[in-house]
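# Inside the fold
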Amino acid sequence: MRRADRLFQIIQVLRRTRKPLTADAIAAELETSKRTIYRDIATLIGQRVPIRGEAGMGYILEKGFDLPPLMLTPDEIEAAVLGAQWVAGHADPTLSRAADDLIAKIADTVPERLRPFVLEPASRARPVWRSEPDRIDMVRTRAQIHEGRKIALRYRDEQGRDSERTIWPVAIGYLEAVRLLAAWCELRNDFRSFRTDRVVDADYLGEKYPERRDVLRAKWRQSLVWERPSDT
C-alpha cells in the first residue's frame, strides 16, 4: 500500500469508531507494523488532522473533521452501489428513487478511472421478485422516527383481528418482501414489530414520546432486534 493511501485509510479506520484505537489494532487491520502506524499518525498530526491520544492508550479522531465526501476507494464504491441497488429494488418508492439518484451522483462525481466501478460493478443485488405493498406512509413514518413523535395505529394481525395501538416508532426494517416497523407499544408496554402491509390506518400524532430518542433506540437494540410480529 502506498503511504498516501495508508494515511487515508488510518483516517477512515478512526472515523468509524468512537472509542480510542491502539496502534496494534490499526496495524493489524492495515497489515503493517506498529512502528509504521506511530510514524504515520505523527505525520497526520503534523498535517493538522485532529487526532488525539498517545502510544499505549489509543487514538481517536475528533468530531468535526471530515474529508472531501467522495474520496472513495474502489471497494467503497462497490459497497455503496451494491447497497443502493438493494434499496432500489426493495425499499418504498421514495427511497428507491433516492437510491437511483445516489448511484447517478456517484457516477458523475468520481474520477473517470473509477467510473467503471459504478457503471459496471462486479457485484450486483438481486432485483426484488415480490413485495407486499406498504399500507402506511413511509415518508411520514420516517419523519416521525426522526422527530421522536408517536403514531396511533389500527393494526390487523395474521388472523385478521384488529387492534388499536399507540406506538413510539424506532426504526424500519427492510426485509426481502416485507417491511417491519419496530416501536415501543404503549398497549403492551414493550417493544413490538409491526408489518407495514398489515396496518389498517395510521394517525401521525404531534405528541412527542417522553423517552429521549437515543435512549429508546439503545433500549431497543438491547431487546430482540427484529422479532417476528406476534398477535400480542
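As a reminder, the structure under discussion sits directly above these lines.
For every chain, the first residue of the written sequence is number 1, and numbering continues from 1 onward in sequence order. Only residues with pLDDT of 70 or above have their local features reported here, since the model is predicted, and side-chain atom pairs are shown and tallied only from 80 upward, although totals for entire chains, interfaces and linings are computed over all residues. Just so you know, side-chain values use all the structure's heavy atoms and leave hydrogens and water out.

## With respect to the pattern of salt bridges
Any Lys or Arg side-chain nitrogen found within 4 Å of a carboxyl oxygen on Asp or Glu counts as a salt bridge. Summed over the entire model, instances satisfying the criterion amount to 18 salt bridges. Three or more residues are tied together by salt bridges with common partners; here these are R3, R6 and D40.

## Regarding the packing of aromatic side chains
Ring geometry is summarised as follows: Phe, Tyr and Trp rings, the Trp one being its six-membered ring, pair when their centres sit within 6.5 Å, and such pairs are stacked at plane angles under 30 degrees, edge-to-face over 60 and tilted between the two. On inspection of all chains with the given rule, the structure shows four aromatic pairs. A ring pair is formed by W168 and W184, whose centres lie 6.1 Å apart and whose planes are at 35°; its orientation type is tilted. One end of the pair, W168, is in strand 4 (residues 162-174); the other, W184, is in strand 5 (residues 179-185), with 16 residues separating them in the sequence. The same class applies to W168 as to W184, namely buried. A centroid spacing of 5.1 Å and a plane angle of 85° characterise the contact between W184 and F191, whose relative ring orientation is edge-to-face. There is no split in this pair, since W184 and F191 are both buried. Among the aromatic residues, ring-to-ring pairing joins W168, W184, F191 and Y209 into one connected group. Segments assigned H or I by DSSP are reported as helices when at least four residues long, segments assigned E as strands when at least two residues long, and all are numbered from the N terminus. Each residue is placed in one exposure class: buried if its accessible area under a 1.4 Å probe, protein chains only, is under 20% of its type's maximum, exposed if it is over 50%, and partly exposed if it falls in between.

## Let's talk about the packing of helix 1 (residues 3-15) against helix 3 (residues 34-46)
Fitted lines through C-alpha atoms give the axes, limited to the stretch in contact for helices. The angle between two N-to-C directions lies from 0 to 180 degrees. Interhelical geometry of helix 1 versus helix 3 gives an angle of 80° and a closest axis separation of 10 Å. One way to sum up the angle between helix 1 and helix 3 is to call them roughly perpendicular. Within the contact between the two elements, helix 1 uses R3, R6, L7, I10 and I11 and helix 3 uses T36, I37, R39, D40, I41, T43 and L44. Note on residue categories: nonpolar means Ala, Val, Leu, Ile, Met, Phe, Trp, Tyr, Cys or Pro, charged means Asp, Glu, Lys or Arg, and polar means any other residue, Gly included. Taken together, the residues that form the contact of helix 1 with helix 3 break down as six nonpolar, two polar and four charged. The cut-offs work like this: below 35 degrees is roughly parallel, past 145 is roughly antiparallel, 65 to 115 is roughly perpendicular, and the gaps in between are oblique. For this analysis, residues touch if any pair of their heavy atoms sits within 4.5 Å.

## Let's talk about the nonpolar core
Core analysis: the biggest nonpolar cluster contains 17 residues, and I10, L14, I26, I37, I41, L44 and I51 have the highest contact counts within it. If you list the elements that add at least two residues to this core, you get helix 1, helix 2 (23-30), helix 3 and strand 2 (58-61). Sequence-distant contacts of I51, defined by excluding residues within four places in its chain, comprise L14, I41, L44, I45, Y59, I60 and L61. Here, the term nonpolar core denotes a set of buried Ala, Val, Leu, Ile, Met, Phe, Trp, Tyr and Cys residues that are joined through side-chain atoms within 4.5 Å. Judged by nonpolar contacts, the second largest core, of 16 residues, contains I145, L153, I172 and C185.

## A short note on the sheet that holds strand 6 (residues 190-195)
Two strands qualify as a pair provided DSSP detects at least 2 bridges between them. What the five strands build is an open sheet, ordered 6-5-4-3-7; its pairing is antiparallel. Of all strands in the sheet, those with a lone pairing partner are strand 6 and strand 7 (199-208), marking the two edges. Across the sheet, the mean angle separating the axes of adjacent strands is 40° when strand polarity is ignored. Across six bridges, the pairing between strand 3 (residues 149-156) and strand 7 is antiparallel.

## Some points on unusual backbone geometry
Backbone phi values are negative for most residues with the exception of glycine, while trans is the configuration of most peptide bonds. Backbone geometry places E31, a non-glycine residue, at a positive phi of 55°. Take E31: it is sitting in the loop between helix 2 and helix 3. Within the chain, N189 stands out as a residue other than glycine whose phi angle is a positive 55°. When you line up the elements, N189 lands in the loop between strand 5 and strand 6. Judged by relative accessible area, which is 55%, N189 ranks as exposed.

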